[in-house]
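# Fold and geometry: a report
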Amino acid sequence: MSAEYEVFAIRYATRDGRRDHMFVDADPHDGPMPMDYFVWVARNAERVVAIDSGFSREVAERRGRTFLRCPAESLRLLGIEPAAVSDVILTHLHNDHAGNLEKYPKARFHLQEREMAFATGKYMRFACCGRAYELDQVLEAVRMNYAGRVEFHAGEDEIADGITVHPGGGHTPGLQFVRVRTRRGWLVLASDASHYYENIETMRPFRLVFDVGAALDSFRAVRRLAGGDMGRVIPGHDPEVMRRYPAPRPELEGIVARLD
């Protein structure tokens, strides 16, 4: 049997939102729909793997987000030093998923090859594609590649025993999501393959989408890899995650949720 991991979601930022911003086919009269920002971490006795690295306070303030805590430093709430992280899986390079790389001094970064090509390619000249990226973050990912610290993947791959990545498409062409083996079976960290439970449950992609058809295909892939059990799917931005899963300690209520 594959190695098993403890898995945690860390809530590092939040913002107010509206339902008409969260679905491609939303009713413009829809009401409020808040959005949380998470990073995730999987650990066992052999390794610590971070999934996404969030943004900085400066990026949050410029983009009108409420910054709660540094994603990397928040690992210490779980007794994890950022320097102990062996691998960081970047689900994609949007601003809220791919900052703070310098805070992981010993990590290897994992990215779909298509995502780097997209984030440095011709479509970045158009605001509808480029505005979700932070140029400095993309340049830092390029620097990490020049330093030999980026591992590129071309589709499904194994990161470590019990941790796999899978192409997610749709939201960005190079999006990937992550499957982790836990004591309750395989858990799928969907990231932005499904921002909210409602996106995947109703088969309605998030409004910011490069390819609607690919997003719909990603929903099906997430469901399949979760064995059809939506209780094993963790969306990327849904505040409901913090209500459905317990904090590892009472003082971390609303900050960290244990997912395994």
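For clarity, every value in this text was computed on a predicted model and none was experimentally measured. (Residues numbered from 1 in each chain as written. Predicted model: local features only at pLDDT ≥ 70, side-chain atom pairs only at ≥ 80, totals over all residues. Heavy atoms only, no water.)

### A few points about the nonpolar core
With 48 residues, the main nonpolar core has Phe55, Val85, Val88, Leu90, Leu93, Tyr104 and Phe109 as its most contacted residues. Elements with a contribution of two residues or more to this core: β1 (6-15), β2 (35-43), β3 (48-51), α1 (57-63), β6 (108-112), α2 (113-119) and α4 (135-146). Not counting residues within four places of it along the chain, the set of residues in contact with Leu90 comprises Asp52, Ser53, His97, Ala98, Leu101, Phe109, His110, Leu111 and Gln176. In terms of nonpolar packing, the next biggest core, distinct from the first, is built from 25 residues, Ala3, Trp40, Ile159 and Tyr197 among them. (Core = buried A, V, L, I, M, F, W, Y, C linked by side-chain atoms within 4.5 Å. Buried < 20%, exposed > 50% of the residue type's maximum accessible area, 1.4 Å probe, protein only. Helix = DSSP H or I, 4+ residues; strand = E, 2+ residues; numbered from the N terminus. Contact = heavy atoms within 4.5 Å.)

### Remarks on the pattern of salt bridges
For the structure shown, the criterion picks out 19 salt bridges. Asp30 serves as the salt-bridge partner of Arg19, at 3.8 Å between the closest nitrogen and oxygen. Remark: Asp30 occurs in the loop between β1 and β2 and Arg19 occurs in the loop between β1 and β2; sequence separation between them is 11 residues. Overall, the relative accessible area of 21% leaves Arg19 in the partly exposed class. Asp30 gets classed as buried once you look at its relative accessible area, which sits at 16%. A salt bridge links Glu240 to Arg243; the nearest nitrogen and oxygen atoms lie 3.0 Å apart. In this pair, Glu240 and Arg243 both sit in helix α7 (residues 240-244), 3 residues apart, roughly one turn of the helix. Accessibility expressed as a relative area gives 61% for Arg243, which makes it exposed. Residues participating in the shared-partner salt-bridge network are Glu6, Arg43, Arg183, Arg258 and Asp260. (Salt bridge = Lys/Arg side-chain N within 4 Å of Asp/Glu carboxyl O.)

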